Amino acid sequence: MSLDSIQGNKAFNDYEAFAETYVSRTESNAYNAYYERPAMFSLLPEVRYKRVLDAGCAGGVYTEWLVNRGADVVAIDISNKMIDLTKQRLQNRAQVYQADLNQPLTFLRSNSFDIVLSSLTLHYIQDWESVFREFHRILSPKGLLQFSTHHPFMDFLLFEKENYFATELLEDSWEGYGGKPLRVRFYRRPLSAMTAALTKTGFTIEQIIEPHPTEECKRLYPEAYERLTTKPGFLIFRAYKQI
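Numbering of residues starts from 1 in each chain and follows the order in which that chain's sequence is written. Where local features are concerned, this predicted model is filtered to residues with pLDDT of at least 70; where side-chain atom pairs are given and counted, the filter is 80 or more; whole-chain, interface and lining totals use all residues. Only heavy atoms go into the side-chain values, all of them from the structure, while hydrogens and water stay out.

K.L.:
Is there a simple way to explain unusual backbone geometry in this structure?
P.N.:
If a residue is not glycine, its phi is most likely negative; likewise, a peptide bond is most likely trans. Here the phi dihedral of Asn-111 falls at roughly 55°; this positive angle occurs in a residue that is not glycine. Numbered from the N terminus, helices here are DSSP runs of H or I no shorter than four residues, and strands are runs of E no shorter than two. Tracing the backbone shows Asn-111 in the loop between β3 (95-98) and β4 (113-118). Given a relative accessible area of 46%, Asn-111 falls into the partly exposed group. With a phi angle near 50°, Glu-160 is a residue other than glycine that sits in the positive phi range. In this fold, Glu-160 is placed in the loop between α7 (152-158) and β6 (168-177). Relative accessibility thresholds used throughout: buried, under 20% of the residue-type maximum; exposed, over 50%; partly exposed, between the two (1.4 Å probe, protein chains only). Accessibility expressed as a relative area gives 70% for Glu-160, which makes it exposed.

Shown next as structure tokens:
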């Protein structure tokens with residue numbers, strides 16, 4: 001199957017089948033709870049009274065964190081099951097919609113958000129320029145885009161690819177989902193492609209962060225801690241809308 005035939009297909013990954021297990025596992029695992037989320041939280045500005053888009057909300061962990069700190073949050077996800085889980089978690093404290101980031105977000109007004117936050121979602125999307133143009137459109141002047149994604153070095157080494165500079169579809173196998181390996185597909189791209197997509201769509205990059213695991217990760221998950229302190233897993237970008 002070609003990249004183009006998969007791109008934009010809601011069956012790209014079977015989110016409905018693994019949503020509950022995914023949300024449960026990411027609540028307290030090493031990579032999400034003690035590595036990615038603490039770094040993302042530490043980099044966010046004051047969110048009270050800010051209008052925030054949680055783009056790829058999964059089960060609503062970020063949505064809840066933002067709402068609890070006084071933000072006005074709109075949460076979106078491609079998976080109806082993830083949307084249901086987010087609505088259950090938030091109990092009408094946020095606006096939650098099913099939406100595909102591969103498509104224009106026509107239901108969101110231009111210049112209407114202070115922050116767009118996206119956690120570990122964009123590596124499932126092939127065309128970053130299109131989604132960044134939409135983020136740029138809905139952000140207010142000097143609005144913040146902050147997102148995390150796979151570190152290109154991690155995927156290049158893990159999958160033993162020959163051409164670092166290629167943007168290509170990869171397939172991974174996750175264990176512990178219903179007794180059989182779960183096939184998950186995502187895109188690998190070089191750092192230069194990531195930064196180019198941002199600058200071409202009107203963003204100024206403020207920071208690119210390679211996070212480190214927390215001390216709690218060291219205590220609870222020593223093997224993961226050792227791995228993440230020597231080999232990067234994720235990247236975090238902070239970029240502002242140019243005016």
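We are not done yet, so read on.
K.L.:
Teacher, can you tell me more about the sheet that holds strand β9 (residues 234-241) here?
P.N.:
The pairing of strands in a sheet comes from backbone hydrogen bonds and takes either a parallel or an antiparallel form. The strand order β3-β2-β1-β4-β5-β9-β8 describes an open sheet built from 7 strands, whose pairing is mixed. Each having just a single partner strand, β3 and β8 (203-209) make up the two edges of the open sheet. When strand polarity is set aside, the average angle formed by the axes of neighbouring strands in this sheet is 15°. Here, any two strands with at least 2 DSSP bridges between them count as paired. One ladder, built from 7 bridges, connects strand β5 (residues 139-150) with β9; its direction is antiparallel. Note that in β9 the partner of Leu-144 across the bridge is Tyr-240. Strands in contact with helix α5 (residues 80-90) are β2 (72-77) and β3; relative to β3, the strand with the most contacts, it is inclined by about 170°. The axes used here are C-alpha line fits, helices contributing only the stretch in contact, and every angle between their N-to-C directions lies in the interval 0 to 180 degrees. Any two residues having at least one pair of non-hydrogen atoms within 4.5 Å are treated as being in contact.

K.L.:
Sorry, what's going on with the side chain of His-151 here?
P.N.:
Position of His-151 among the secondary structure elements: in the loop between β5 and α7. A relative accessible area of 7% means that His-151 is categorised as buried. At a separation of 3.1 Å, a polar atom in the side chain of His-151 contacts the main-chain amide nitrogen of Phe-153. As used in this structure description, the phrase polar contact means that two N or O atoms lie within 3.5 Å; if the pair is within protein, one of them must be able to donate a hydrogen and the other to accept it, and residues adjacent in sequence are counted only when both atoms belong to side chains. Separated by 2.8 Å, the side chains of His-151 and Glu-210 make a polar contact.

K.L.:
Would you explain the nonpolar core in this entry?
P.N.:
Nonpolar side chains in soluble globular proteins generally cluster together in the buried interior. Only buried Ala, Val, Leu, Ile, Met, Phe, Trp, Tyr and Cys residues count toward a nonpolar core, and they belong to the same one when joined by side-chain atoms within 4.5 Å. Counting residues in each nonpolar core, the largest one holds 27 residues, and the members touching the most others are Leu-53, Phe-132, Phe-135 and Leu-145. Those elements that provide at least two residues to this core are β1 (51-55), β2, β4, α6 (128-138), β5, α8 (191-200) and β9. The greatest single-element share of this core, amounting to 5 residues, is contributed by α6. Residues Leu-66, Ala-75, Leu-117 and Ile-209 belong to the second largest nonpolar core, which totals 23 residues.

K.L.:
Teacher, can you tell me more about α5 here?
P.N.:
Every α-helix carries 3.6 residues per turn, so stepping three or four residues along brings you back to the same face. For α5, the full list of buried residues reads Met-82, Ile-83, Leu-85, Thr-86 and Leu-90. Looking down the long axis of α5, one finds its buried residues gathered within 165° of arc, a one-sided arrangement. Of the residues that open α5, the one with a side-chain oxygen 3.2 Å from the backbone nitrogen of Lys-81 is Ser-79. Note: the arc covers the axis-to-C-beta directions of the helix.

K.L.:
Looking at this structure, I do not really get the environment of Phe-234. What am I missing?
P.N.:
Along the chain, Phe-234 falls in strand β9. Judged by its relative accessible area of 7%, Phe-234 is buried. Residues within four places of Phe-234 in sequence aside, it is in contact with Tyr-31, Tyr-35, Glu-36, Leu-120, Thr-149, His-150, His-151, Ile-209, Glu-210 and Pro-211.

K.L.:
Please clarify how the pattern of salt bridges should be interpreted in this entry.
P.N.:
When the charged atoms of two side chains with opposite charge come close together, those side chains can pair. Just to be clear on terms, a salt bridge is a Lys or Arg side-chain nitrogen sitting within 4 Å of an Asp or Glu carboxyl oxygen. The final tally for this structure, using the stated rule, is 13 salt bridges. Notably, a salt bridge pairs Glu-27 with Arg-89, separated by 2.3 Å at the nearest N-O pair. Here Glu-27, found in the loop between α2 (15-26) and α3 (30-43), pairs with Arg-89, found in helix α5; they are 62 residues apart in sequence, far enough to count as distant. Judged by its relative accessible area of 23%, Arg-89 falls in the partly exposed class. Here Glu-216 and Arg-219 are joined by a salt bridge, their closest N and O atoms 3.5 Å apart. Here Arg-219 and Glu-216 lie together in helix α9 (residues 215-220), a separation of 3 residues that amounts to about one turn. Since its relative accessible area comes to 38%, Glu-216 is described here as partly exposed.

Any functional reading would require information that these geometric values do not contain.
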